[in-house]
Amino acid sequence: MLSIKLAALATALIALLSGLATAQNNATYANYSAQAQPDLYEVTLAVINTSFPDCHSGPLRHTLVCDVSADYRARAESLISMFTLEELIANTANTAPGVPRLGVPPYEVWNEALHGLDHCNMADSGKYSWATSFPMPILTMAALNRTLINQIASIISTQARAFSNAGRYGLDSYAPNINAFRSPIWGRGQETPGEDAAVLCAVYAYEYITGLQGGVDPEHLKIAATPKHFAGYDLENWDNNSRLGYDAIIPSQDLSDYYTPQFEAASKYAKCHSIMCSYNSVNGVPSCSNSFFLQTLLRESWDFPEYGYVSSDCDAVYNVFNPHMYAHNVSGAAADSLRAGTDIDCGQSMPWYLNDSFIDGYVSRGDIEKAVTRLYATLIRLGYFDGEEAKYRELTWKDVLMTDAWNISYEAAVEGITLLKNDGILPLSKKYKSIALIGPWANATSQMQGNYYGTPPYLISPLEAAKQAGLTVHFSLGTNISSESTALFSEAISAAKKSEVVIFLGGIDNTIEAEGQDRDTVVWPGNQLQLINELSNLGKPLIVLQMGGGQIDSYTLKENNKVNAIIWGGYPGQSGGVALMDIITGKRAPAGRLVTTQYPAKYATDFPQTDMSLRPNGSNPGQTYMWYTGQPVYEFGYGLFYTEFEESGTDANSYSFEILDILSAAHPDNYYVEQVPILNFKAKVKNIGKVASDYTAMLFVKTSDAGPAPYPNKWLVGFDRLSTIKAGKSSLLSIPVLLGSLARADISGNKVLYPGTYQLSLNIDESVNVTVKLNGEPATLEKFPLWQQAIPQA
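Cut-offs applied
- Residues numbered from 1 in each chain as written.
- Predicted model: local features only at pLDDT ≥ 70, side-chain atom pairs only at ≥ 80, totals over all residues.
- Heavy atoms only, no water.
- Helix = DSSP H or I, 4+ residues; strand = E, 2+ residues; numbered from the N terminus.
- Rg over C-alpha atoms; globule rule 2.2 N^0.38 Å.
- Buried < 20%, exposed > 50% of the residue type's maximum accessible area, 1.4 Å probe, protein only.
- Contact = heavy atoms within 4.5 Å.
- Areas by Shrake-Rupley, 256 points an atom, 1.4 Å probe, with all protein chains shown as cover.
- Lys, Arg positive; Asp, Glu negative; His and termini not counted.
- Charge placed at Lys NZ, Arg CZ, Asp CG, Glu CD.
- Pairing = 2+ DSSP bridges.
- Axes fitted to C-alpha atoms, helices over the stretch in contact; angles between N-to-C directions.
- Arc of directions from axis to C-beta.
- Disulfide = S-S within 2.5 Å.
- Phe/Tyr/Trp six-rings, centres within 6.5 Å; stacked < 30°, edge-to-face > 60°.
- Salt bridge = Lys/Arg side-chain N within 4 Å of Asp/Glu carboxyl O.

> Tell me about the overall build of the chain, residues and numbers included.
Each helix and strand counted, the chain has 25 helices and 26 strands in total. Its C-alpha atoms give the chain a radius of gyration of 26 Å, near enough to 28 Å, the size a compact globule of 794 residues would have. For the chain, the C-alpha atoms occupy an extent of roughly 75 × 65 × 50 Å along the three principal directions. Evaluated residue by residue, the chain yields a buried proportion of 64% over its 794 residues. In the chain, of all internal contacts separated by at least 6 residues, the share reaching a separation of at least 24 is 78%. For the chain, the accessible surface area stands at approximately 26,700 Å², while carbon and sulfur atoms represent 50% of it. The distance from the centre of the 54 positive side-chain charges to the centre of the 79 negative ones in the chain is 8 Å.

> Lay out the sheet that holds strand β13 (residues 501–507) in plain terms, naming residues and giving numbers.
Across the sheet, six strands lie side by side as β10-β15-β14-β13-β11-β12; this open sheet has mixed pairing. Two strands close off the open sheet at either side, each with one partner strand: β10 (418–422) and β12 (472–476). This sheet shows a mean twist of 20° between the axes of neighbouring strands, independent of strand direction. Looking at chain direction, β13 and strand β14 (residues 542–547) are connected through six bridges and run parallel. Across the sheet, glycine 506 pairs through a bridge with glutamine 546, a residue of β14. Along the sheet face, helix α19 (residues 528–536) touches β11 (434–438), β13 and β14 and points at about 170° away from the line of β13. Where helix α21 (residues 576–585) meets the sheet, it contacts β11, β13, β14 and β15 (565–570), and its direction lies at approximately 145° from that of β14.

> If you had to explain helix α3 (residues 72–80) to someone new, which residues and values would you point to?
For α3, the set of buried residues is Tyr72, Arg75, Ala76, Leu79 and Ile80. Buried residues of α3, seen end-on, are gathered within an arc of 125° and therefore sit on one face of the element. Contacts from the buried residues of α3 go to α4 (85–90) and α14 (365–381).

> Could you give me a rundown of the sheet that holds strand β8 (residues 285–286), with the residues and numbers involved?
Across the sheet, three strands lie side by side as β5-β7-β8; this open sheet has mixed pairing. Of all strands in the sheet, those bounded by a partner on one side alone are β5 (247–248) and β8. Inspection of the sheet shows β5 paired to strand β7 (residues 281–282) by two bridges, in the parallel sense. Pairing of alanine 248 across the sheet is with valine 282, part of β7.

> Summarise the state of the cysteines; cite the residues concerned and give the values.
In the structure shown here, the tally under the stated rule is three disulfides. Disulfide partner of cysteine 277: cysteine 288, at an S-S distance of 2.1 Å. Its S-S torsion of about 100° marks the bond between cysteine 277 and cysteine 288 as right-handed, since a negative value means left-handed. Of this pair, cysteine 277 sits in strand β6 (residues 274–277) while cysteine 288 sits in the loop between β8 and α10 (291–297), placing them eleven residues apart in sequence. Judged by its relative accessible area of 0%, cysteine 277 falls in the buried class. Linked covalently through their sulfurs, cysteine 314 and cysteine 346 form a disulfide whose S-S length is 2.1 Å. On the S-S bond that ties cysteine 314 to cysteine 346, the torsion sits near 65°, and the link is right-handed. With cysteine 314 in the loop between β9 (309–312) and α11 (316–319) and cysteine 346 in the loop between α12 (330–340) and α13 (349–359), the pair connects residues that are 32 residues apart, well separated along the chain. Counting only the cysteines that take part in disulfides, in the order they occur along the chain, gives the pairing 1-2, 3-4, 5-6. Not part of a disulfide, cysteine 201 finds its nearest cysteine sulfur in cysteine 272, a span of 15 Å.

> Report on the packing of aromatic side chains, specifying residues and quantitative values.
Here the structure, examined in full by the defined rule, presents 39 aromatic pairs. Aromatic side chains tyrosine 625 and phenylalanine 700 sit 5.9 Å apart centroid to centroid with 70° between the ring planes, which places their arrangement in the edge-to-face category. Taken as a pair, tyrosine 625 in helix α23 (residues 624–627) and phenylalanine 700 in strand β19 (residues 693–703) lie far apart in primary sequence, 75 residues in all. Each of the two residues, tyrosine 625 as well as phenylalanine 700, counts as buried. Measuring from centroid to centroid gives 6.1 Å for tyrosine 655 and phenylalanine 657, while their planes differ by 5°, and the two rings are stacked.

> Please set out the pattern of salt bridges residue by residue, giving values where relevant.
Within this structure, the stated rule accounts for 29 salt bridges. A salt bridge links glutamate 236 to arginine 243; the shortest N-O distance between them is 3.5 Å. The exposure classification of glutamate 236 matches that of arginine 243, with both residues buried. Its relative accessible area of 1% is what places arginine 243 among the buried residues. Ionic contacts of the salt-bridge type, sharing partners, join the residues Arg188, Glu191, Glu236, Arg243 and Glu515 into one network.

Take a look at the structure:
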C-alpha cells in the first residue's frame, strides 16, 4: 500500500513537472540583472506531505540501507547504487520525487527555520496549525546571550521534528542566515546577527547550528542546518543591481577577514551538514559554480563533513546562465554547478537539464551519484531509514505545546530590546495612568514577525499589551510607514492631548526592507518625523520606539530634548507587544546593545553600496564600526540601562607573551590552535544604581603597531550577558580571548598573529583596559588558499 501511495505522489510530481516544462517561467529570459526576485516554478515552491521509508515491510527491508548497525556512508552508497540515471537526476531537486519502486518517498529539502518554522505544511486549525515565532535574529543577537541563541534553535528543531513526524516538515532547514550586515540599506539585514562577522555572526552560527543539529556533529542529527548564503551576499536590488546577477568584487583580504569567517565557523567548528551557495558572483564566478568556495575552502580547508551537501539558493543554478552568462545554456549551468560542488538545486535546472549535460559529456553518472549520496547520507544520519525507534521520532504536538509554553520568544525579545536615549522618563512611573499609542507600529501584529515566518500561536500587539497592563490607552495610527498624507495627524494630536504620556511606534518594516528590496536611504520614511515633531511640541512626555531591522538616522530625535526616550525594538515576534510594554513600564530592564552602526543619512548616498571594500578609499568612508571614519549617530555596541554599573579589573592590567611559546605549547582542549584562549579578560561588575538589571558586555581590541597599516578602529573579540544583578550587588565577568581573535588577515587573506601592542577594552566607553604585548616574529595561524576556479566552463 505504501508503494502505491508513493507512486501516486511521485506521478503527481512528474505530471506537475511535465505541465510546467511547456511554460517555463525562465524561458522568458527575464532581465535578472535588474529583477531581484526569481520566477520560481510551482514545483520548486511546493510544500508536500512527507513520510519515512518503510524498512520493516517495504521493498528496501532486506537491503543495507535499512541496517541500522551499518556505517551511514555504506548505507547511503548502497542505496544510491540502486537508482537509475533518471532517478538520480530527478532527485537533485529540492522537491525530490524519491524512487517509488524502491519505497523511497518524495522529500522536500526546502524547509525554513530562520526564527521559527516556515515553508512547511501547517494544518488549518488544531494540531500542527502553528509554531513558535521568535524575534528576528538581529534583535535576538542584540541580547548578547549565546545560550539563548542555542535554546531558540533547539526549540525550533524540536518543533520541526514533531512536524516532520506528522509528515508536515522535512529533516533539514535553510537556516541560519549568517551573512554580515555590512550595508545599512540591505533589505535582509534583519535576518542576520549584525555587522560583525568574525565574532557575532560566527558565534551565532555556532550556537544556532549546534542547537538545530543537537550538538557538534552528533551521531544522530536532530535537524540538518543549512547556513546561508555563501558568500559575499548582502544586497538585494540597490540602484537596480539585482542580487541574481550581481558580481561582488572582493579582495582576498576582505574575503578572509569579513565575508567568510562565519561560514568557516559554521563548517569547521559547528559541523553544519549542509550549506547554501548564494545568487551573486564573486570576482566573476557565480557562487553555486565556484569551486574555490565549494571545494577549496569548504571541503579542503574547513573540514566540512565528508558527506555534507550543498544546496543552491532557489534558482541560483539557473542564474549561472541567466543573468551571469557564466555558462552558455541551462545544461551548462547545471553541469558547472554540479562539478563545482552544488549537490541539490533549489530549482529545476539540474533535474531538467542534467540529462543533457550527461549526454554532452560534461558530467558523469559518478558526479550525479556523489551529489545524491551526500543528501541521503545526511538523511541517514537523521534517522530517515531507522523506523519508529529512531531518535526524535517520539516527538509530537505535545512537544510543540511544551516548548512554546517556555515563553522563550518573549525572553528573546525583552533581552534584545535596546535603550538608545532616556532622560529619566523610563521606566515609566506608576503615577501615569493614561497613554497615547500612535504610529504605524502601535497596533502591529504580523508586522512584528519580519520575514520568513509561519503561523504563530498568537500575536500580542503593543496596543493589546498596553491594555493588558491596565493603562488607559488612546490609540491613533497617525500615519503609515511611507505615507506623506497628514490626514490622520489631527486624530493623533487629539489622542496625545487626552493622555499623560505619548508613545510613538514607527520606523521601518517589510514594506520597505525585505528580500528582493533594499532601501535607497536610511532616513525615517514618509512623514513620521513630521508627526513626531508635532507631538513633541505638546509638552507631554514623549517616548519614541524605532522599529525594524535596519537602522535609520534618528539624529534629530537624539538631539531633540522634547523627545524623552528612544527605544530600538527590531522585529520582536509573537510576544513583541508585551516585551515592549514591559520594558517601558519597568517590569523588565533593558540590556540590549546595537549590533549594527546607526549611520547618518548621508552615509548611504556618499558612495556606492556595491563597493565591498571595508577599508576607506575614495568616497568610501570605511564600512562597519571597524573602519568607518565618520561620526555615527549611535555606534555599534551602544545601549543604555535603567541603572548604573561600575566596572573594575580583577586581574593584571598588562600581559606579555612570546608568540613562539604560545604556538609551541600543547593545546589538548582545543583541536584548532586559533581557538586556544590566550587569556581570560575578567572584570567585576557592580550595580551602583537602584534598579535590578541584566548586564551586557562587548570586549574590543585595537592596535596601532601590530602588523601593517592601515589599522582598524577596533574589532570585537568577545561578548557576554550577566543575569540580573541587584542594586548594590556585583557579578564577575569573564570573557576568553582566543588567539584567532587577535589575528588579522594579510593582503593574501592569511590569518597572521603579529607582534606588537594590543589594547583590550570593555564596551564602547572602555571602562576597563588591559594591555597585551606579543613578542617575536609574525606567525600564520591559518593559510588562506590562492583563488583558483578549478571547473572549466561548460
